Amino acid sequence: MNEQELLDLQKMVDTAVNALEDIKAKDISVLETQEKTSLFARMIIASGDSTRQVKALANNVAVDLKEAGFEILSTEGDTGEWTLVDAGDLVVHVMLPAVRDFYDIDTLWGGEKPSFHAGAQKPWHAAD
């Protein structure tokens with residue numbers, strides 16, 4: 001990536017993170033993925049407290065990215081447990097904490113698994 005592409009990518013990431021923070025997303029992680037895949041350069045993973053919030057978070061990301069001039073290639077997952085926003089070089093995953101814990105994509109892509117509730121027992125149990 002050249003310097004301008006990196007600046008555009010950073011603007012895209014900043015826009016998405018701000019959109020998530022606006023609706024109180026939790027455990028926001030930004031991962032650099034360009035060394036792991038040629039499909040996208042950054043991944044953002046965030047949690048929402050309810051299916052309604054997960055949907056609202058993903059929608060806010062898509063709307064804010066479009067308003068900033070970025071193209072949304074697709075949005076997947078309308079159940080509200082896990083929604084993905086594909087903006088080309090940026091992929092945003094918004095998940096319920098139990099779903100995020102179960103699939104553990106943070107660790108899969110080189111990040112750290114969030115603790116969700118520091119020092120407290122998880123209010124859910126992932127299926128075995």
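Up top is the structure.
All figures in this text were calculated on a predicted structure; none of them were measured in a lab.

Asks: What should I look at first to understand the pairing of strand β4 (residues 82-86) in this one?
Replies: Walk down a regular strand and you will see the side chains alternate between the two sheet faces. Here β4 shows one buried face, formed by T83 and V85, and one open face, formed by W82, L84 and D86. Pairing geometry for strand β3 (residues 74-76) and β4, over three bridges, is antiparallel. Bridge assignment links S74 to a residue of β4, and that residue is D86. Relative to strand β5 (residues 90-95), β4 is paired through five bridges, and the arrangement is antiparallel. Within the sheet, the bridge partner assigned to T83 lies in β5 and is V94. Counting the residues in the hairpin turn of β4 and β5 gives three residues, including G88, whose phi is positive at 80°.

Asks: Would you take a moment to explain the sheet that holds strand β2 (residues 42-47) for this structure?
Replies: The strands making up a sheet associate through hydrogen bonds between their backbones, and the pairing can be parallel or antiparallel. Sheet architecture is open: five strands sit in the order β1-β2-β5-β4-β3, paired in mixed fashion. One side of each edge strand has no neighbouring strand; the edge strands of this open sheet are β1 (26-32) and β3. For this sheet, the mean angle separating the axes of adjacent strands, direction not counted, is 10°. The strands touched by helix α1 (residues 3-22) within the sheet are β1, β2 and β5, with β2 carrying the most contacts at an inclination of about 5°.

About the criteria used
- Residues numbered from 1 in each chain as written.
- Predicted model: local features only at pLDDT ≥ 70, side-chain atom pairs only at ≥ 80, totals over all residues.
- Heavy atoms only, no water.
- Buried < 20%, exposed > 50% of the residue type's maximum accessible area, 1.4 Å probe, protein only.
- Helix = DSSP H or I, 4+ residues; strand = E, 2+ residues; numbered from the N terminus.
- Pairing = 2+ DSSP bridges.
- Axes fitted to C-alpha atoms, helices over the stretch in contact; angles between N-to-C directions.
- Contact = heavy atoms within 4.5 Å.

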